[in-house]
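Observations on the three-dimensional arrangement
What follows is the residue order along each chain.
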Amino acid sequence: AQSVTQLDSQVPVFEEAPVELRCNYSSSVSVYLFWYVQYPNQGLQLLLKYLSGSTLVKGINGFEAEFNKSQTSFHLRKPSVHISDTAEYFCAVVHQAGTALIFGKGTTLSVSS
Amino acid sequence: DAGVIQSPRHEVTEMGQEVTLRCKPISGHNSLFWYRQTMMRGLELLIYFNNNVPIDDSGMPEDRFSAKMPNASFSTLKIQPSEPRDSAVYFCASSLTLDLYEQYFGPGTRLTVT
């Protein structure tokens, strides 16, 4: 069985500070990993994905994530956040042979000036 | 491209009434997904279609929920009869068959059942 755990439900940070949103998954087989972002009153949109290859994945808006197989983690990072990054961030996992994305509970990133 | 289109954006109805949510996927996308989002349960996959055929409906909560996809450009999610616990935001998403994991979400329908 697969599951994904987002360790922090809320992360408040100041503008221009670095941020890390944590995600751990559990799976007995290889997985694909994703981060989606949901801005207020909108649907989710893909931020970045790891399918294979380099463990450091770069996404849109300056975000990046690193796949760590030994720690079963896929943490999302940004070196300097903006007010506009305020949103809900979802980590998701899927088995390579499966079709359903399994989403974490989400982390609310609040950026203030 | 217009993206995934959902209607209505907001729906308020009384318990016991029938509710129909509508979705138009991105043109050329062969897979369509219905999700429900609540504070308590987060984002849940309800049902998934591929080439208009339902593939996995194990997430549909109970018989009051039904979904159809009569053609490649339209899908409905129906709740009959509706209950207050059905209040949630319902999202539709679509993807190309060969890249199922990159899903494009609609803006959602906020359903309130009183």
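Residues numbered from 1 in each chain as written. Chains lettered and ligands numbered in written order. Predicted model: local features only at pLDDT ≥ 70, side-chain atom pairs only at ≥ 80, totals over all residues. Heavy atoms only, no water.

The interface of chain A with chain B comprises 20 residues on the first partner and 20 residues on the second. When the two sides are added together, the surface that chain A and chain B hide from each other amounts to roughly 1500 Å², 56% of it contributed by carbon and sulfur. On inspection of chain A and its partner chain B, the count reaches one salt bridge. For K49(A), the salt bridge is made with E102(B), and the minimal N-O distance between the two is 2.8 Å. Scanning the region where chain A abuts chain B turns up four residue pairs in polar contact (both at pLDDT 80 or more). Of all the secondary structure elements, the ones that give two or more residues to the side of chain A that touches chain B are β5 (31–38), β6 (44–50) and β10 (87–95) of chain A. For the side of chain A that touches chain B, the leading source of residues is β5(A), giving four residues. Class assignment for the residues of the side of chain A that touches chain B results in ten nonpolar, eight polar and two charged. (Contact = heavy atoms within 4.5 Å. Buried area = accessible area lost by both parts, 1.4 Å probe. Salt bridge = Lys/Arg side-chain N within 4 Å of Asp/Glu carboxyl O. Polar contact = N/O pair within 3.5 Å; in protein donor to acceptor, adjacent residues only side chain to side chain. Helix = DSSP H or I, 4+ residues; strand = E, 2+ residues; numbered from the N terminus. Nonpolar A, V, L, I, M, F, W, Y, C, P; charged D, E, K, R; others polar.)

This next bit is on the environment of N52(B). Residue and element names in this part refer to chain B. Position of N52 among the secondary structure elements: in the loop between β5 (42–50) and β6 (53–56). C-alpha separation for the pair N52 and S75, spaced 23 residues apart in sequence, amounts to 8.6 Å. N52 has contacts with M69, N71 and A72, leaving out every residue within four places of it along the chain. Within polar-contact distance, the side chain of N52 engages the backbone nitrogen of A72 at 3.5 Å.

The subject of this paragraph is the packing of aromatic side chains. In total, this model carries twelve aromatic pairs over all chains according to the counting rule given. Here Y25(A) and F67(A) contribute two aromatic rings whose centre-to-centre distance is 6.2 Å and whose plane-to-plane angle is 25°, an arrangement assigned as stacked. Remark: F67(A) occurs in strand β8 (residues 64–68) and Y25(A) occurs in strand β4 (residues 23–26); sequence separation between them is 42 residues. Both residues of the pair, Y25(A) and F67(A), count as buried. Plain terms: the ring middles of Y36(A) and F103(A) are 5.7 Å apart, the flat faces sit at 65° to each other, and that makes the pair edge-to-face. Taken together, the residues span a long stretch of sequence, with Y36(A) in strand β5 and F103(A) in strand β11 (residues 102–103) at a distance of 67 residues. The pair formed by Y36(A) and F103(A) is uniform in burial state, with each residue classed as buried. Three or more aromatic residues link up through ring pairs in this structure, and these residues are Y36(A), F90(A), F103(A), F33(B), Y35(B), Y48(B), F91(B) and F105(B). (Phe/Tyr/Trp six-rings, centres within 6.5 Å; stacked < 30°, edge-to-face > 60°. Buried < 20%, exposed > 50% of the residue type's maximum accessible area, 1.4 Å probe, protein only.)

Here we take up the sheet that holds strand β1 (residues 5–7) of chain B. To summarise the sheet geometry, strands pair through backbone hydrogen bonds and adopt either a parallel or an antiparallel arrangement. Residue and element names in this part refer to chain B. Here four strands make up an open sheet; going across it, the order is β1-β3-β8-β7 and the pairing antiparallel. The open sheet terminates on both sides in strands that have one partner only, identified here as β1 and β7 (65–71). For this sheet, the mean angle separating the axes of adjacent strands, direction not counted, is 15°. Pairing between β7 and strand β8 (residues 74–79): five bridges, direction antiparallel. Each residue of the ladder has a partner; that of S66, found in β8, is K78. (Pairing = 2+ DSSP bridges. Axes fitted to C-alpha atoms, helices over the stretch in contact; angles between N-to-C directions.)

All names here are of chain B. With the rule as written, the count across this model stands at 14 salt bridges over all chains. A salt bridge links R64 to D86, with the shortest nitrogen-to-oxygen separation between them at 2.7 Å. Here R64, found in the loop between β6 and β7, pairs with D86, found in the loop between β8 and β9 (88–95); they are 22 residues apart in sequence, far enough to count as distant. The pair R64 / D86 is uniform in exposure class, with both members buried.

L33(A), W35(A), L47(A), L48(A), F74(A), L76(A) and Y89(A) are the most contacted members of the largest nonpolar core, which has 28 residues in total. Those residues in contact with L47(A) that lie beyond four places of it in its chain are W35(A), Y36(A), V37(A), G59(A), I60(A), F63(A), L76(A) and Y89(A). By size, the runner-up hydrophobic cluster in this structure holds 21 residues, among which are C23(B), I26(B), L32(B) and A67(B). (Core = buried A, V, L, I, M, F, W, Y, C linked by side-chain atoms within 4.5 Å.)

Moving on to the state of the cysteines. For the structure on display, the rule yields two disulfides over all chains. For C23(A), the disulfide goes to C91(A), at an S-S distance of 1.9 Å. Here the S-S torsion is close to -65°, and the disulfide linking C23(A) with C91(A) is therefore left-handed. Of this pair, C23(A) sits in strand β4 while C91(A) sits in strand β10; the two residues are 68 residues apart in sequence, bridging distant segments of the chain. A relative accessible area of 0% places C23(A) in the buried class. Paired through a disulfide, C23(B) and C92(B) show a sulfur-sulfur distance of 1.9 Å. Across the S-S bond of C23(B) and C92(B) the torsion is about -65°, and the bridge reads as left-handed. Of this pair, C23(B) sits in strand β3 (residues 19–24) while C92(B) sits in strand β9, and the two are 69 residues apart along the sequence. Using a relative accessible area of 0% as the deciding quantity, one classes C92(B) as buried. (Disulfide = S-S within 2.5 Å.)

Any link to function would need more than the numbers given here.
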